[in-house]
Amino acid sequence: AAKRDEENLCHFFDESMETRLMRTKLIEHALHEALAQNQFFLVYQPQFSAQTGALVGCEALIRWIHPEEGFIPPDEFISVAEHVGLISAIGEWVIDESIRQLVRWREMPVLKNIRIAINLSSVQLEDKTLLDRLQRKLKQAGVAPDLLELELTERVVMTDAAENVSRFQAIRAHGFDLAVDDFGTGYSSLAYLQKFPLSVLKVDKQFVDPIPDDEGACAIANAIVSLAHSLDMKVVAEGVETGEQVHWLYRAGYDLLQGYYLGRPMKAEDFQQWALTDYPVIVAKVWGHPS
Ligand code: C2E
Ligand code: MG
Ligand code: MG
Ligand code: MG
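Conventions adopted
- Residues numbered from 1 in each chain as written.
- Chains lettered and ligands numbered in written order.
- Predicted model: local features only at pLDDT ≥ 70, side-chain atom pairs only at ≥ 80, totals over all residues.
- Heavy atoms only, no water.
- Near = heavy atom within 4 Å.
- Polar contact = N/O pair within 3.5 Å; in protein donor to acceptor, adjacent residues only side chain to side chain.
- Helix = DSSP H or I, 4+ residues; strand = E, 2+ residues; numbered from the N terminus.
- Donors = N, O, S within 2.8 Å, 3.2 Å for Na, K, Ca; no water.
- Buried < 20%, exposed > 50% of the residue type's maximum accessible area, 1.4 Å probe, protein only.
- Contact = heavy atoms within 4.5 Å.
- Expected span 1.5 Å × (residues − 1).
- Axes fitted to C-alpha atoms, helices over the stretch in contact; angles between N-to-C directions.
- Parallel < 35°, antiparallel > 145°, perpendicular 65-115°, else oblique.
- Left-handed = near helix turned anticlockwise from the far one by under 90°.
- Nonpolar A, V, L, I, M, F, W, Y, C, P; charged D, E, K, R; others polar.
- Pairing = 2+ DSSP bridges.
- Right-handed = clockwise from strand over helix to strand, strands pointing away.
- Phe/Tyr/Trp six-rings, centres within 6.5 Å; stacked < 30°, edge-to-face > 60°.
- Lys NZ or Arg CZ within 6 Å of the ring centre and 35° of its normal.

Looking up the protein in an unreviewed UniProt entry gives the name cyclic-guanylate-specific phosphodiesterase, with the organism given as Sulfurivirga caldicuralii.

Below you can see the structure in the form of structure tokens.
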């Protein structure tokens, strides 16, 4: 029976590996077409000032709806794009589209000063021409660099840490804010955190989820705020899903909040509509005054 189980197990693994490989191949092939046929679009998730409820920014998140396969999540296709060398082209499209959006929003009173945070892949960070290109594109569009924030995951920040110190100095010298995404999920060296010229820590959802019931999670969330503030960084909580979390994070001194409870990622037109109609309602409900 043991032998039979073993065989079944092998069979099972072979099959799932094969399926995974086929899926990766499919995505790889389809990504080329997606770029050429404009199948990508961006959604924007609002970021609120935790203390006042002001709508200060948003995070741009890429979306892909494949004509046959349907929705394919970025967690699935970004890593494939990195492996097959397509991330630079996709990342460049994200940059261009975000800048176009900043230009459009400057014409709209409620969104005039909104900032957009974009996620950068390690491949983009290593590209020595990125900063000059960003600067040139923003200048052409007439958009100030401080309206664009760059997010790098903690993993990327801590890999190649020595090299990154100078990379990050260059990013900041160009006027861009730099956020550490998914903070707490990697292996941050506290010594490096001090050496890095970072602007923002984004506390991962996994620490936000158990708030306010779990004492341990609350202790960590408190420690991260004091760490961030003593290093002159702002701190964002991501994945905020309940009103209790909002109140706790507000009292803990968080700077910015992002999560489904406050606003989902939305297409540009929906975001604009949301800002006019839903946003004032949620601010009044949570912060007790219309903004
Ligand atoms: P991320 O940068 O940490 O983005 C936050 C993710 O959490 C997003 O997933 C967002 O939709 C989701 N989220 C936000 N609030 C909540 C909440 O309250 N509850 C829950 N359950 N989820 C929430 P998404 O859009 O699927 O993106 C996943 C990851 O893919 C991103 O994680 C980012 O690492 C990557 N990604 C997305 N867009 C891009 C892009 O344009 N370029 C690159 N390089 N990576 C991207
Ligand atoms: Mg992010
Ligand atoms: Mg994150
Ligand atoms: Mg993430």
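Taken together, 22 residues sit near ligand 1, with Arg63, Asn119, Asp181, Glu241 and Tyr260 positioned nearest. In this structure, Gln45 approaches ligand 1 through a side-chain N or O atom, which is 3.0 Å from a nitrogen atom. Within the backbone of Ile62, a nitrogen or oxygen atom sits 3.1 Å from a nitrogen atom of ligand 1. When residues of the shell around ligand 1 are traced back to their parent elements, those giving at least two are β2 (55-66), α2 (74-83) and β6 (177-183). The element best represented in the shell around ligand 1 is β2, accounting for four residues.

Protein coordination at the magnesium ion (ligand 3): the donors are Asp181 (OD), Asp182 (OD), Glu238 (OE) and Glu238 (OE), at 2.0 to 2.6 Å from the metal. Each donor residue of the magnesium ion (ligand 3) lies on the same chain, and together they follow the pattern D-D-x55-E. Between the magnesium ion (ligand 3) and the magnesium ion (ligand 2), the interatomic distance is 4.2 Å, and Asp181 donates to each metal, bridging them. Of this pair, Asp182 sits in strand β6 while Glu238 sits in the loop between β8 (234-237) and α11 (243-251), placing them 56 residues apart in sequence. Judged by its relative accessible area of 11%, Glu238 is buried.

Now for the side chain of Lys137. Turning to its location among the elements, Lys137 is positioned in helix α5 (residues 130-141). For Lys137, a relative accessible area of 17% puts it in the buried group. Sequence-distant contacts of Lys137, that is, excluding residues within four places in its chain, are made with Glu92, Ile95, Asp96 and Ile99.

The next point concerns helix α7 (residues 161-173). Relative to the 18 Å expected for 13 residues at 1.5 Å per residue, α7 spans 18 Å between its end C-alpha atoms, a close match to the ideal helical length. All of the buried residues along α7 are Ala161, Asn164, Val165, Arg167, Phe168 and Ile171. Buried residues along α7 sit against α4 (122-126), α5, β5 (148-153), α6 (154-158), β6 and α8 (190-195).

This part is about the packing of helix α3 (residues 87-105) against α5. At a minimum axis separation of 10 Å, α3 and α5 run at an interaxial angle of 25°. One finds that α3 runs roughly parallel with respect to α5. Relative to α5, the crossing made by α3 is right-handed. Of the residues in α5, those in contact with Glu92, Ile95, Asp96, Ile99 and Val103 of α3 are Leu130, Arg133, Leu134, Lys137, Leu138 and Ala141. Each residue belonging to the contact of α3 with α5 can be placed in one class, and the counts come to seven nonpolar, no polar and four charged.

Before going further, it helps to spend a moment on the pairing of β6. The two faces of a sheet get side chains in turn, since along a regular strand they alternate between them. Burial analysis of β6 places six of its seven residues in the buried class, the great majority of the element. Where β5 meets β6, five bridges bridge the pair, whose relative direction is parallel. Within β6, the position partnered with Leu152 by the bridge is Val180. Following the backbone out of β6, through α8 and into the adjacent parallel strand β7 (residues 200-203), one traces a crossover that is right-handed.

This part takes up unusual backbone geometry. Residue Pro212 follows Ile211 across a cis peptide bond; omega there is 5°. Here Pro212 lies in the loop between α9 (205-208) and α10 (215-230). Although it is not a glycine, Asp160 sits at a positive phi angle of roughly 65°. Take Asp160: it is sitting in the loop between α6 and α7. At Asp232, a residue that is not glycine, the phi angle is positive and equals roughly 65°. If you trace the backbone, Asp232 turns up in the loop between α10 and β8. A relative accessible area of 70% means that Asp232 is categorised as exposed.

What follows concerns the packing of aromatic side chains. Evaluation of the coordinates by the stated rule reveals 14 aromatic pairs. Ring centres of Tyr44 and Trp105 lie 5.0 Å apart, and the angle between their planes is 65°; this geometry places the pair in the edge-to-face category. Here Tyr44 is found in strand β1 (residues 40-49), whereas its partner Trp105 is found in helix α3, with 61 residues between them in sequence. Note on accessibility: Tyr44 and Trp105 belong to one class, buried. Measuring from ring centre to ring centre gives 5.7 Å for Phe48 and Trp287, while their planes differ by 5°; the resulting arrangement is stacked. Placement of the pair is Phe48 in strand β1 and Trp287 in helix α12 (residues 268-287), with a sequence separation of 239 residues. With relative accessibility at 0%, the residue Phe48 sits in the buried group. The exposure class assigned to Trp287 is buried, which follows from its relative accessible area of 14%. One aromatic cluster in this structure is built from Tyr44, Phe48, Trp105, Phe271, Trp274, Tyr279 and Trp287. Cation over ring: Lys195 sits above Tyr192, and NZ or CZ is 4.7 Å from the ring centre.

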